[in-house]
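Fold and geometry: a report
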Amino acid sequence: MSGPRGMNIPIARTSLTEMEINSVLEPLRSGWLVQGTQVAAFEKAWNEFTGSKHSIAVTSCTTALHLSVAALGLGPGDEVIVPAFTWIATANVVEHQGATVVFCDIDLNTFNLDTEALEAAITPRTKGVIPVHLFGLAAEMDAINKIAANAGLWVVEDAACGFGGTYKGRHLGTLGDAGAFSFHPRKSITTGEGGMITVQDDELATRLRRLRDHGAALSDLQRHLGPKPYLLADHPDAGYNQRMTDIQGALGRSQMERADDILSERRRLSKVYDQAFAELDWLQTPTVPEGCEHGYQSYPCLFKPEAITLDSIERIHEMRNAWMEKLQQNGVSTRPATHAVHMLSFYANKYGLKVEDFPNAYAAAQCSISLPLFHGLTDEEQAYVIAQVKEGCR
């Protein structure tokens, strides 16, 4: 719905250059559409940008997470600690391996995992932790890695939103045993659907490459280019079909050529928001702790017209929803930052969870609001969003 000035500003909008659009023609013309040279070029560019030793392209961030926990041996009887405030896929991949999800609460200032809650959630059955770099901001990886090392746990970083984010000079996704990225259209780099795994260990990388490709010891391209392409490969693992296509790889590779510009624009737009809303005591804008560089996959805020307590959350929630409706009527799309997984029916029912079990995640789900942020957001559009936000709940 358009606003009074004809404005209709989405929460996100995909913007591709002609070069990027034309890049997909190369694999189409070559006749090689499945995982091949374009995917390999995308993986190489990802390594160079993030500083990762190995990058492994797959069909989505969900499959990147799934392959990572599978390759690390997660199975029935095991437990994995997951922040309660995240996209549902973070928890789902644990369920897919027959393991048990153990939620922990978040820090309401950063929306990221609370390290004290993490430590308290560890049991003798805990095998790993999946910290989430929510919205492009790093989780407290030094503390998380120390807790994990002391307990003998692996760490898989959910860096779905993490592109461009850094922690003490290191790119997100390179700080644990594996990292998982998303290329959904709301992300800074998009291939429509798609994901990437980053790992530093050679043996784990080899296993992940096999698992994404039915467990095959050689990819189709390796076999095709080898001396005996007519012989089929061995399959050391019972793997999956989670390969990225060369069409997607071409699109991702071409976008990496302007990755710095995309991130610079997101940071500039976020700074404009920060300055515009600095004096609004009822809107908490994104926090960036010292030593972190935010990737700004989105611009999540906390709506707090009054102090957030267990008694006030639902009242604030109703006010937030009314405000979101008002913004929508005026041509500004917003969203809750994400959901609290423990409040969703599958997990609430399976584990007998109550909303107040993780109060900060509950508050974040009910009181957060993300504002439009995307490549190509014009100064006029952003000024209109700012003006509408400043109207608040009047």
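Summarised in this report is the structure supplied together with it.

The rules we used
- Residues numbered from 1 in each chain as written.
- Predicted model: local features only at pLDDT ≥ 70, side-chain atom pairs only at ≥ 80, totals over all residues.
- Heavy atoms only, no water.
- Phe/Tyr/Trp six-rings, centres within 6.5 Å; stacked < 30°, edge-to-face > 60°.
- Helix = DSSP H or I, 4+ residues; strand = E, 2+ residues; numbered from the N terminus.
- Buried < 20%, exposed > 50% of the residue type's maximum accessible area, 1.4 Å probe, protein only.
- Core = buried A, V, L, I, M, F, W, Y, C linked by side-chain atoms within 4.5 Å.
- Contact = heavy atoms within 4.5 Å.
- Axes fitted to C-alpha atoms, helices over the stretch in contact; angles between N-to-C directions.
- Parallel < 35°, antiparallel > 145°, perpendicular 65-115°, else oblique.
- Left-handed = near helix turned anticlockwise from the far one by under 90°.
- Nonpolar A, V, L, I, M, F, W, Y, C, P; charged D, E, K, R; others polar.
- 1 Å grid on protein atoms, 1.4 Å probe; cavity = no way out; pocket = protein on both sides within 12 Å on 5 of 7 lines; lining within 4 Å.
- Points joined across faces, edges and corners; volume = space filled by probe spheres on them.
- Salt bridge = Lys/Arg side-chain N within 4 Å of Asp/Glu carboxyl O.

This paragraph deals with the packing of aromatic side chains. What the rule picks out here adds up to 18 aromatic pairs. Aromatic pair F42 and W46: ring centres 6.0 Å apart, planes at 85 degrees, arrangement edge-to-face. With a gap of four residues between them, F42 and W46 both fall in helix α3 (residues 37-50), about one helical turn apart. With relative accessibility at 0%, the residue F42 sits in the buried group.

Membership of the largest hydrophobic core comes to 77 residues, with the highest contact counts inside it found for F85, I130 and F277. For F277, the residues in contact, after removing those within four places along its chain, are L283, T285, Y299, L371, I386, V389 and K390. Ranked by size, the runner-up nonpolar core spans 20 residues in total, among them L118, L137, I144 and A148.

This brings us to the packing of helix α4 (residues 61-71) against helix α8 (residues 202-212). Closest axis-to-axis distance for the α4/α8 pair is 10 Å, and the angle between their directions is 125 degrees. The orientation of α4 with respect to α8, classified from their angle, is oblique. Our pair here, α4 against α8, has a crossing hand that is right-handed. Across from L67, S68, A70 and A71 in α4, the residues of α8 making contact are L204, R207, L208, L211 and R212. Tallied by class, residues from the contact of α4 with α8 come to six nonpolar, one polar and two charged.

Size it by volume and the largest pocket reaches roughly 580 Å³. In terms of lining, the largest pocket is formed by 27 residues, of which the most central are W87, A160, C161, H184 and K187. Counting residues per element, the ones that place at least two in the lining of the largest pocket are α4 and α5 (89-96). Per-element tally for the lining of the largest pocket: the top contributor is α4, with three residues. Along the lines of polarity and charge, the residues of the lining of the largest pocket split into 11 nonpolar, 11 polar and five charged. Considering only enclosed or pocket space, the second largest pocket measures out at about 300 Å³ in volume. Lining the second largest pocket are 17 residues, and of these Q35, R209, R212, S219 and Q222 sit closest to its centre.

What follows is about empty space enclosed by the protein. For the structure on display, the rule yields three cavities of 30 Å³ or more. Approximately 120 Å³ is the volume found for the largest cavity. Lining the largest cavity are 16 residues, with R13, S15, K187, S188 and H375 positioned closest to its centre. Residues belonging to the lining of the largest cavity are distributed by class as follows: five nonpolar, six polar and five charged. In this structure, the second largest cavity spans a volume of roughly 70 Å³. If you go around the second largest cavity, you meet 14 residues; those closest to its centre are T110, F111, P286, T287 and P300. Considering each element in turn, the lining of the second largest cavity owes the most residues, three residues, to strand β12 (residues 299-303).

Bringing the pattern of salt bridges into the picture now. A complete count under the given rule lists 16 salt bridges for this structure. A salt bridge links R315 to E306; its shortest N-O distance comes to 2.9 Å. Taken together, the salt bridges that share partners define one network made up of R207, R210 and D237.

Quick look at helix α14 (residues 359-367) now. Taken across its nine residues, α14 has seven buried, putting it largely inside the fold. In this structure, the buried residues of α14 make contact with β12, α12 (313-329) and β13 (368-371).

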